[in-house]
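# Tertiary structure, described
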Amino acid sequence: MPIDWKKDSQSFDGVAELYETYRPSYPVELINDVVTLSGIQPDGEILEVGSGTGKATRLFAQRGFSILCLEPGQNLIDIAKAQLNDHPQVRFERSRFEEWEARQRKFDLLISAQAFHWVPLEVRFVKAASVLKPQGHIALFWNMYPGVDGPIRHDLDEIYRQHAAELAKEHVPPEQLIQERTASLKAEKQFENVIVRTYRWAVQYKTEAYLGLLNTYSDHLRLPEQRRRALFGAIAELLKQHDGLIEKPYLAVLYMARRKSGDA
């Protein structure tokens, strides 16, 4: 099934409520490291690329930082605004990063949670460097999915093979993807002092919440409705055998770098 990256990234806006309800947040240790490693001051300004419903935004807004959020999905923006109603220092512009007009604005820190891979490769780092102040930092982070542990994993794999074989293919191991993203950032001449940190954690989901979570994944959303219903029905039946619960492990990964002076 061919992937339309722009269309897939926009598909999240159609499930904005599900995204807000079921997508996980990020470990507080990761946010602490971003603040500490970037050296951003209390009056520092942050640019967020792909803010979604504001799950990461809130973690920085609670610390008082001024944040300009870029998000192309209006439904996602509406939810984020409601969640951040008590933080007037957070502003929103509806735009994709690659199409956004900076108008000479510069920021101390650029963050992107679960979104930077949607920005075209030829634009990502060049534009990021251009909107950062000298010695400004970039902080990119994702929740990765190592795979469900325990006996249930075999049964889940079999369900996917039966109902969505294209989703049952072998995924790139987290370690390989981490190496690739690290190498990509290190290869960018506009940035230096690359730091990569990982944070292991887990969330326990009831059946409804787990199916809601799956309904926010772009690859699952691409499935025809009838096949998606069959897949979700089989997963629900499986979870009944496990007290209606499943624990999903996460590996949060943070990539940080400092903009080189004079290169943007």
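What follows is about the packing of helix 7 (residues 152–163) against helix 11 (residues 225–240). Direction vectors running N to C along helix 7 and helix 11 enclose 160 degrees, while the axes themselves pass 10 Å from each other. On the basis of their axis angle, the class for helix 7 and helix 11 is roughly antiparallel. With respect to the hand of their crossing, helix 7 and helix 11 are arranged in right-handed fashion. Here helix 7 contributes I152, D155, L156, I159, Y160 and H163 to the contact with helix 11, which in turn contributes R227, A230, L231, A234, I235, L238 and L239. A class-by-class count of the residues in the contact of helix 7 with helix 11 yields 10 nonpolar, 1 polar and 2 charged.

A complete count under the given rule lists 11 salt bridges for this structure. The salt bridge partner of R161 is E158, with a shortest N-O separation of 3.0 Å. Separated by 3 residues within a single helix, R161 and E158 lie in helix 7, roughly one turn from each other. By relative accessible area, which is 43% here, R161 ends up partly exposed. Overall, the relative accessible area of 32% leaves E158 in the partly exposed class. Across the salt bridge formed by E225 and R228, the nearest N and O atoms sit 2.5 Å from each other. Linking E225 with R228, this pair stays in helix 11, spanning 3 residues, or about one helical turn. Overall, the relative accessible area of 13% leaves R228 in the buried class.

Here the focus is the packing of aromatic side chains. Tallied over the full model, the rule gives 13 aromatic pairs. Ring centres of W142 and Y255 lie 5.7 Å apart, and the angle between their planes is 80 degrees; this geometry places the pair in the edge-to-face category. In this pair, W142 sits in strand 5 (residues 132–144) while Y255 sits in strand 7 (residues 245–259), placing the two residues 113 residues apart along the sequence. A residue is classified by how much of its surface remains accessible, and W142, at 7% relative accessible area, is buried. Between Y205 and Y210, the aromatic rings sit 6.2 Å apart at their centres with planes inclined by 55 degrees, giving tilted as the arrangement.

Moving on, we come to the confidence of the model for the protein chain. With 94% of its residues at a pLDDT of 70 or more, the protein chain has an overall mean of 92. Across residues 1–5 the pLDDT falls below 50, and counting only partners more than four positions away or on other chains, this stretch makes 5 contacts in the model.

Moving on: the nonpolar core. Within the largest apolar cluster, 28 residues are counted, with the highest numbers of intra-cluster contacts made by L30, V34, I46, F60, I67, F141 and L254. Once residues lying within four places of it in the same chain are set aside, the contact partners of I67 are I46, E48, T57, F60, A61, Q89, V90 and R91. Among the nonpolar cores identified, the runner-up in size contains 27 residues, and A102, W142, L251 and A257 belong to it.

Scoring rules and cut-offs
Residues numbered from 1 in each chain as written. Predicted model: local features only at pLDDT ≥ 70, side-chain atom pairs only at ≥ 80, totals over all residues. Heavy atoms only, no water. Axes fitted to C-alpha atoms, helices over the stretch in contact; angles between N-to-C directions. Helix = DSSP H or I, 4+ residues; strand = E, 2+ residues; numbered from the N terminus. Parallel < 35°, antiparallel > 145°, perpendicular 65-115°, else oblique. Left-handed = near helix turned anticlockwise from the far one by under 90°. Contact = heavy atoms within 4.5 Å. Nonpolar A, V, L, I, M, F, W, Y, C, P; charged D, E, K, R; others polar. Salt bridge = Lys/Arg side-chain N within 4 Å of Asp/Glu carboxyl O. Buried < 20%, exposed > 50% of the residue type's maximum accessible area, 1.4 Å probe, protein only. Phe/Tyr/Trp six-rings, centres within 6.5 Å; stacked < 30°, edge-to-face > 60°. pLDDT = per-residue confidence, 0-100. Core = buried A, V, L, I, M, F, W, Y, C linked by side-chain atoms within 4.5 Å.

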